[in-house]
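Tertiary structure, described
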Amino acid sequence: MTPRTSGTPGTLILGTRKGLLIFERRGGSWRHARTAHLGVPVPYAFYDSRTGLLWASLDHGHWGTKLSRSADLGSTWTEVAAPKYPADAEVKDGVPATLRYVWVMAGGGADHPSRLYLGTDPGGLFRSDDGGETFELVAGLWNHPSRKTQWFGGGRDQPGIHSVLVDPRSSERVMVAISCAGVFATEDGGRSWTPRNRGQVATFLPDPQSEVGQDPHIVVRAPSAPDVLWMQNHCGIFRSTNNAESWTMVSQEGGPAHFGFAIAVDEKRPDTAWVVPARSDEQRVPVGGALCVCRTEDGGRSWTALRRGLPQEACFDLVYRHALDLRGSTLAFGSTNGNLYASEDGGESWQTLSAHLPLVYSVRFADV
């Protein structure tokens with residue numbers, strides 16, 4: 001792969017088991033710049049380029065879920081009231097819904113600089129239209145008739161929304177991915193939602209092609225071709241070229257590119273994507289004990305395992321769904337073992353930025 005020219009990324013935001021870490025590029029190399037929320041798990045953190053705010057979700061063991069934001073790239077922080085489920089909201093009949101986890105945060109589109117979405121456990125999508133001062137549960141999704149009977153936890157006790165994608169062509173069109181339920185989409189700003197899971201496979205269900213109950217691990221949109229979506233699924237890698245109206249499995253037959261959590265797609269090449277594969281289900285370790293990143297440049301018809309600079313013996317690094325990101329030809333990912341890796345050439349070669357971090361939940365470039 002010939003790396004294309006692009007602006008050089010300069011800031012990495014990490015959500016980890018022991019706080020939020022910021023790495024900055026100085027003199028051509030990456031260095032740890034500062035730490036925030038020391039000792040507190042940070043499931044997700046991202047920089048909102050529309051507003052210049054850095055956001056972090058916090059998972060206090062004692063105090064519960066909290067939100068925090070910074071206007072100076074992490075030097076100082078302000079606590080923001082976390083959303084609350086309405087008093088009459090129920091996970092199941094007779095079981096009140098309580099916020100347990102903020103899994104992801106996403107901006108509401110360039111035309112809505114004050115809009116923010118939160119994907120949560122137990123499966124609720126919250127929206128703010130005042131920059132995070134207040135949040136409201138998106139009732140159209142919460143009240144979907146399939147939720148109480150067909151949604152269930154995947155890795156967590158309750159369902160969780162981990163992917164929120166706002167269509168760049170219209171902010172009224174939003175897509176979410178739920179473990180376990182599948183992909184749901186709205187065309188009317190959240191008033192009504194429909195499942196979009198045709199072509200996915202859930203081998204753990206009595207009906208593997210069930211419309212609801214699929215387990216997408218993450219869904220990302222190709223920036224240059226919004227109808228192209230990539231999914232790392234519990235049961236393989238899937239791709240859609242028609243805005244999730246249907247999905248096609250593009251896993252590597254007989255190769256490592258199949259099970260995993262994270263996926264990234266090239267900013268200008270919708271057929272090019274990267275995954276960090278693992279041995280599936282019960283073990284969740286690198287295939288053959290050797291860490292690799294797999295890349296396709298032809299829409300998933302073929303995959304190349306990229307290993308140079310990555311550990312190839314007795315490796316136990318697992319990469320979570322939000323812990324891989326891409327800017328230009330620069331990729332970065334963090335692992336459950338506290339290792340942080342980066343590549344400047346589209347994954348051809350890798351360097352270890354740190355080998356002694358806490359467990360890494362999320363890795364995001366900041367477009368400062």
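Residues numbered from 1 in each chain as written. Predicted model: local features only at pLDDT ≥ 70, side-chain atom pairs only at ≥ 80, totals over all residues. Heavy atoms only, no water.

**Structural notes on the pairing of strand S3 (residues 29-36)**
When strand S2 (residues 19-26) meets S3, the two strands line up antiparallel, connected through seven bridges. Across the sheet, phenylalanine 23 pairs through a bridge with histidine 32, a residue of S3. (Pairing = 2+ DSSP bridges. Helix = DSSP H or I, 4+ residues; strand = E, 2+ residues; numbered from the N terminus.)

**Some points on the layout of surface pockets**
Considered as a void within the structure, the largest pocket measures approximately 1,200 Å³ in volume. Considering the residues around the largest pocket, the lining is formed by 39 residues, among which Tyr44, Ala106, Val164, Arg221 and Arg327 are closest to the centre. The set of elements that each furnish at least two residues to the lining of the largest pocket consists of strand S4 (44-48), strand S10 (101-107), strand S14 (160-166), strand S18 (216-221), strand S22 (260-265), strand S26 (324-327) and strand S30 (360-365). Sorting elements by how many residues they give to the lining of the largest pocket places S14 first, with five residues. Looking at the lining of the largest pocket, its residues break down into 22 nonpolar, seven polar and ten charged. Approximately 370 Å³ is the volume attributed to the second largest pocket. What lines the second largest pocket is a set of 16 residues, among which Trp103, Arg156, Phe261, Tyr320 and Arg321 lie closest to the centre. (1 Å grid on protein atoms, 1.4 Å probe; cavity = no way out; pocket = protein on both sides within 12 Å on 5 of 7 lines; lining within 4 Å. Points joined across faces, edges and corners; volume = space filled by probe spheres on them. Nonpolar A, V, L, I, M, F, W, Y, C, P; charged D, E, K, R; others polar.)

**Some thoughts on the sheet that holds S4**
In space, the four strands of this open sheet follow the order S4-S5-S6-S7, with antiparallel pairing throughout. Looking along the sheet, the strands with just one partner apiece sit at the ends: S4 and strand S7 (78-80). In this sheet, neighbouring strand axes are inclined to one another by 25° on average, regardless of whether the strands run parallel or antiparallel. The sheet contact formed by strand S6 (residues 64-70) and S7 spans three bridges and is antiparallel. Bridge pairing links arginine 69 to threonine 78 in S7. (Axes fitted to C-alpha atoms, helices over the stretch in contact; angles between N-to-C directions.)

**Focus: empty space enclosed by the protein**
Inspection of every chain in the model, using the stated rule, returns two cavities of 30 Å³ or more. Taken as a whole, the largest cavity encloses approximately 50 Å³ of empty space. Forming the boundary of the largest cavity are Val91, Lys92, Pro122, Arg147, Trp151, Gln158 and Pro159. Residue composition of the lining of the largest cavity, grouped by class: four nonpolar, one polar and two charged. A volume near 40 Å³ is recorded for the second largest cavity. Contributing elements (two or more residues each) for the lining of the second largest cavity: strand S15 (174-179) and strand S16 (182-186).

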